Amino acid sequence: MSSPDPATSSLPASDDLVQALYAELRDVASRERWRLGNAQTLQTTALISETWLKLHKVQAWQDRSHFLRAAAIAMRQVLVDAARERYAAKRGGGLADLTLSIAERMPAGSDEELLHVDEALRRLQDLEPRLAQVVECRFFAGYSEAETAEVLGIAERTVRRDWLKAKAWLYVELSPENA
């Protein structure tokens, strides 16, 4: 009989961590829904449920930050998939020009804007992966600068700097002239 590996025995199981952080995850989802305003996003409970379905498959997490980083990515996927589905049904699948300044009005007010941001974020990921991670945490998960810094393991000043760079890049990338 072998003894448990000390490196893995301290890692919480997925279900245990989800249970422990469920209230926090619900607050994040609720903030995200509020931030999106009148957009036809999923209800908070549906967003949490869909996020949990993506997260519960993982057997162990490194720590709280690892879990929250994965939650940000999962929320992005859930929100973008839902927007894509609604948009395809509503508009026949084509994307219209973006007329609002994303950098000045960062909350996504429509499915179109959310899809544009997701497309631009994919391009940003290829150029500057950390900037894209900051956008996932700040924009899609609604994390504060402090939460984003904790999740990504970087300083709050770096988050602020990266957030400004990412917003500027998105502003240029999403301007109607570049569509």
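Preceding this section is the structure that the text describes.
About the cut-offs
- Residues numbered from 1 in each chain as written.
- Predicted model: local features only at pLDDT ≥ 70, side-chain atom pairs only at ≥ 80, totals over all residues.
- Heavy atoms only, no water.
- Helix = DSSP H or I, 4+ residues; strand = E, 2+ residues; numbered from the N terminus.
- Buried < 20%, exposed > 50% of the residue type's maximum accessible area, 1.4 Å probe, protein only.
- Contact = heavy atoms within 4.5 Å.
- Areas by Shrake-Rupley, 256 points an atom, 1.4 Å probe, with all protein chains shown as cover.
- Polar contact = N/O pair within 3.5 Å; in protein donor to acceptor, adjacent residues only side chain to side chain.
- Core = buried A, V, L, I, M, F, W, Y, C linked by side-chain atoms within 4.5 Å.
- Expected span 1.5 Å × (residues − 1).
- Salt bridge = Lys/Arg side-chain N within 4 Å of Asp/Glu carboxyl O.
- Axes fitted to C-alpha atoms, helices over the stretch in contact; angles between N-to-C directions.
- Parallel < 35°, antiparallel > 145°, perpendicular 65-115°, else oblique.
- Nonpolar A, V, L, I, M, F, W, Y, C, P; charged D, E, K, R; others polar.
- Phe/Tyr/Trp six-rings, centres within 6.5 Å; stacked < 30°, edge-to-face > 60°.
- Lys NZ or Arg CZ within 6 Å of the ring centre and 35° of its normal.

**Things to note about the overall build of the chain**
Within the chain, the secondary structure is distributed over eight helices and zero strands. What you see in the chain, going N to C, is helices and strands ordered as α-α-α-α-α-α-α-α. For the chain, the residues scored as buried account for 42% of the 179 residues in total. Within the chain, contacts between residues at least 6 apart in sequence are counted, and of these 66% link residues at least 24 apart. Element-wise, carbon and sulfur atoms account for 51% of the exposed surface of the chain, whose accessible area totals about 9700 Å².

**Let's talk about the side chain of serine 175**
Its place among the elements puts serine 175 in the segment after helix H8 (156-174). A distance of 3.0 Å separates a polar atom in the side chain of serine 175 from the backbone oxygen of valine 172.

**Thoughts on the nonpolar core**
Core analysis: the largest hydrophobic core is formed by 43 residues, its most contacted members being Leu55, Val135 and Tyr143. Those elements that place two or more of their residues in this core are helix H2 (14-35), helix H3 (44-55), helix H4 (64-91), helix H5 (111-127), helix H6 (129-140), helix H7 (145-152) and H8. Other than its neighbours up to four places away in sequence, valine 135 contacts Leu121, Leu124, Phe140, Trp163, Ala166 and Leu170.

**Regarding H6**
Look at H6: 15 Å from first C-alpha to last across twelve residues, which is about the 16 Å you get at 1.5 Å a residue. The element H6 is largely enclosed, with a buried count of nine among its twelve residues. One or two positions beyond H6, positive phi appears at glycine 142, with a value near 70°.

**Brief notes about the pattern of salt bridges**
Here the structure, examined in full by the defined rule, presents nine salt bridges. Across the salt bridge formed by glutamate 136 and arginine 69, the nearest N and O atoms sit 2.7 Å from each other. Of this pair, glutamate 136 sits in helix H6 while arginine 69 sits in helix H4; the two residues are 67 residues apart in sequence, bridging distant segments of the chain. Classification of glutamate 136 as buried rests on a relative accessible area of 5%. As a salt-bridge pair, arginine 76 and aspartate 118 come within 2.6 Å of each other at their nearest N and O atoms. Of this pair, arginine 76 sits in helix H4 while aspartate 118 sits in helix H5; the two residues are 42 residues apart in sequence, bridging distant segments of the chain. On the accessibility criterion, aspartate 118 (1% relative accessible area) is buried. Salt bridges here are not isolated pairs; linked through shared partners, they connect Arg69, Arg76, Asp118, Arg122 and Glu136.

**Some thoughts on the packing of H7 against H8**
Two elements in contact, H7 and H8, have axes whose closest approach is 8 Å; the angle formed by their N-to-C orientations is 105°. The angle between H7 and H8 places the two elements in the roughly perpendicular class. Seen from H7, the contacting residues are Glu145, Ala146, Thr148 and Ala149; seen from H8, they are Glu156, Val159 and Arg160. Tallied by class, residues from the contact of H7 with H8 come to three nonpolar, one polar and three charged.

**Re the packing of aromatic side chains**
Summed over the entire model, instances satisfying the criterion amount to one aromatic pair. Note on phenylalanine 139 and phenylalanine 140: the rings are 4.8 Å apart at their centroids and 85° apart in plane angle, and the pair reads as edge-to-face. Over the ring of phenylalanine 140 we find arginine 76, and its NZ or CZ is 5.6 Å from the ring centre. Directly above the ring of tryptophan 163 sits arginine 138, whose terminal nitrogen or CZ lies 5.0 Å from the centroid.

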